[in-house]
Amino acid sequence: KARSDSLSAKQQSIPLIAAAMAASDMPKLNAALNEGLDAGLTIGEAREILVQLYAYAGFPKSLNALGELVKVLEARQQRGIKDAPGREPSRAIPTGDELLAVGEANQTKISGGPVKNAVTDFAPVINQYLQAHLFGAIFERDNLDWQSRALATVGALAAMPGVEAQLRSHMRASLRVGLTATQLHQLTQVLAERGDAQAAKRASEALTQALAAASGG
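Residues numbered from 1 in each chain as written. Predicted model: local features only at pLDDT ≥ 70, side-chain atom pairs only at ≥ 80, totals over all residues. Heavy atoms only, no water.

(A) Structural detail: the overall build of the protein chain. Counting secondary structure elements, the protein chain contains 12 helices and zero strands. If you list the helices and strands of the protein chain from N to C, you get α-α-α-α-α-α-α-α-α-α-α-α. Relative to the globule expectation of 17 Å for 217 residues, the C-alpha radius of gyration of the protein chain, 17 Å, shows essentially globular dimensions. Burial analysis of the protein chain (217 residues in total) assigns 44% to the buried set. The long-range share in the protein chain, meaning contacts at least 24 apart out of those at least 6 apart in sequence, stands at 75%. As displayed, the protein chain has an accessible area near 10700 Å², and 56% of this comes from carbon and sulfur atoms. (Helix = DSSP H or I, 4+ residues; strand = E, 2+ residues; numbered from the N terminus. Rg over C-alpha atoms; globule rule 2.2 N^0.38 Å. Buried < 20%, exposed > 50% of the residue type's maximum accessible area, 1.4 Å probe, protein only. Contact = heavy atoms within 4.5 Å. Areas by Shrake-Rupley, 256 points an atom, 1.4 Å probe, with all protein chains shown as cover.)

Have a look at this one:
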């Protein structure tokens with residue numbers, strides 16, 4: 001598929017959905033979900049975004065957001081709108097040691113190198129959870145591509161004060177999975193115009209730092 005240097009309408013809806021979910025702003029989430037579905041997001045993709053984000057924003061917010069998606073879909077159905085169902089992952093997700101190995105490989109690719117720091121040394125089990133579950137069980141589900149997953153993660157983290165370090169690292173990861181600096185600047189603009197000014201400011205600062213790090217500055 002041709003690489004465009006701007007986010008499609010569908011891609012633009014993803015950080016808006018994620019930011020509203022992370023902020024528990026149901027009216028904004030409702031609007032962003034409708035916008036995404038109108039732009040061609042499948043039901044499966046919208047659902048997958050909200051499932052993935054539990055790993056960043058917690059189960060309660062994820063469950064509430066999924067409940068809102070159910071309401072949105074019922075209302076759209078009543079208006080006679082037929083949204084594409086989307087698809088399930090094309091392959092079985094590995095288990096056990098194989099899952100851990102796949103997750104570690106995905107984590108290394110997305111993080112730009114093996115993840116080892118004072119926190120993972122102090123609590124190795126948290127990195128096992130990240131590898132087996134987030135980068136394994138979730139990121140191996142190919143019914144949502146990694147660029148869409150990155151847009152969702154950045155949108156959610158931008159909406160949550162206090163996680164700027166993780167937001168910076170996910171901005172860098174977004175560049176590694178093929179999103180361009182131009183597209184990420186556009187993401188910050190979309191948040192500024194239609195999301196939340198504070199989220200946009202945090203995203204913009206994180207992007208500036210990620211680009212400086214990427215260019216060795």
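(B) Fine view of the packing of aromatic side chains. The final tally for this structure, using the stated rule, is three aromatic pairs. Centre to centre, the rings of Phe-139 and Trp-146 are 5.9 Å apart; their planes meet at 70°, and the pair counts as edge-to-face. For Arg-149, the ring lying beneath its charged end belongs to Phe-139, and the centroid distance is 5.7 Å. (Phe/Tyr/Trp six-rings, centres within 6.5 Å; stacked < 30°, edge-to-face > 60°. Lys NZ or Arg CZ within 6 Å of the ring centre and 35° of its normal.)

(C) Inspection of the layout of surface pockets at higher detail. Taken as a whole, the largest pocket spans an internal volume of roughly 840 Å³. Considering the residues around the largest pocket, the lining is formed by 26 residues, among which Val-115, Leu-130, Gln-166, Ser-169 and His-170 are closest to the centre. Elements with a contribution of two residues or more to the lining of the largest pocket: helix 4 (54-57), helix 6 (96-111), helix 7 (118-122), helix 8 (124-138) and helix 10 (164-176). Sorting elements by how many residues they give to the lining of the largest pocket places helix 10 first, with seven residues. (1 Å grid on protein atoms, 1.4 Å probe; cavity = no way out; pocket = protein on both sides within 12 Å on 5 of 7 lines; lining within 4 Å. Points joined across faces, edges and corners; volume = space filled by probe spheres on them.)

(D) Geometry of the environment of Ile-49. Looking at where Ile-49 falls in the secondary structure, it is placed in helix 3 (residues 43-52). For Ile-49, a relative accessible area of 0% gives the class buried. Placed 17 residues apart in sequence, Ile-49 and Leu-66 show a C-alpha to C-alpha distance of 9.6 Å. With near-sequence residues (within four places) excluded, Ile-49 lies in contact with Ile-14, Ile-17, Leu-41, Leu-144 and Ala-152.

(E) Empty space enclosed by the protein, seen in detail. Considering all chains together, one arrives at one cavity of 30 Å³ or more under this definition. Its volume calculated, the largest cavity comes out at about 70 Å³. Tyr-56, Ile-110, Phe-139, Trp-146, Arg-149, Ala-150, Thr-153, Val-154, His-170, Ala-173, Ser-174 and Val-177 together form the lining of the largest cavity. At the level of secondary structure, the elements contributing two or more residues to the lining of the largest cavity comprise helix 9 (146-158) and helix 10. In terms of residue count, the dominant contributor to the lining of the largest cavity is helix 9 (five residues). Its residues assigned to classes, the lining of the largest cavity comprises eight nonpolar, three polar and one charged. (Nonpolar A, V, L, I, M, F, W, Y, C, P; charged D, E, K, R; others polar.)

(F) Representation of the side chain of Glu-45. With respect to the helices and strands, the residue Glu-45 is situated in helix 3. For Glu-45, a relative accessible area of 14% translates into the label buried. In this structure Glu-45 touches Lys-10, Gly-40, Asn-143 and Leu-144, once residues within four positions along its chain are discounted.

(G) A nonpolar patch on the surface, seen in detail. Taken together, the side chains of Val-119, Val-125, Ile-126, Tyr-129 and Leu-130 make up a nonpolar region of the molecular surface, amounting to roughly 450 Å² of accessible area. With four residues, the single largest contributor to the nonpolar patch is helix 8. Here Val-125 lies in helix 8. (Patch = residues over 30% accessible without salt bridge, like charges linked within 9 Å, V, L, I, M, F, W, Y side chains within 5 Å. Salt bridge = Lys/Arg side-chain N within 4 Å of Asp/Glu carboxyl O.)

(H) Broad picture of unusual backbone geometry. One non-glycine residue, Ser-24, adopts positive backbone phi at about 55°. Examined against the element boundaries, Ser-24 turns out to sit in the loop between helix 1 (9-22) and helix 2 (26-38). A residue is classified by how much of its surface remains accessible, and Ser-24, at 37% relative accessible area, is partly exposed.

(I) The arrangement of the nonpolar core in detail. Core analysis: the largest hydrophobic core is formed by 55 residues, its most contacted members being Ile-17, Leu-33, Ile-49, Leu-53, Met-171 and Leu-191. Looking at which element gives the most residues to this core, the answer is helix 1, with eight residues. If sequence neighbours within four positions are ignored, Leu-53 has contacts with Ala-18, Met-21, Gly-58, Ala-152, Thr-153 and Ala-156. (Core = buried A, V, L, I, M, F, W, Y, C linked by side-chain atoms within 4.5 Å.)

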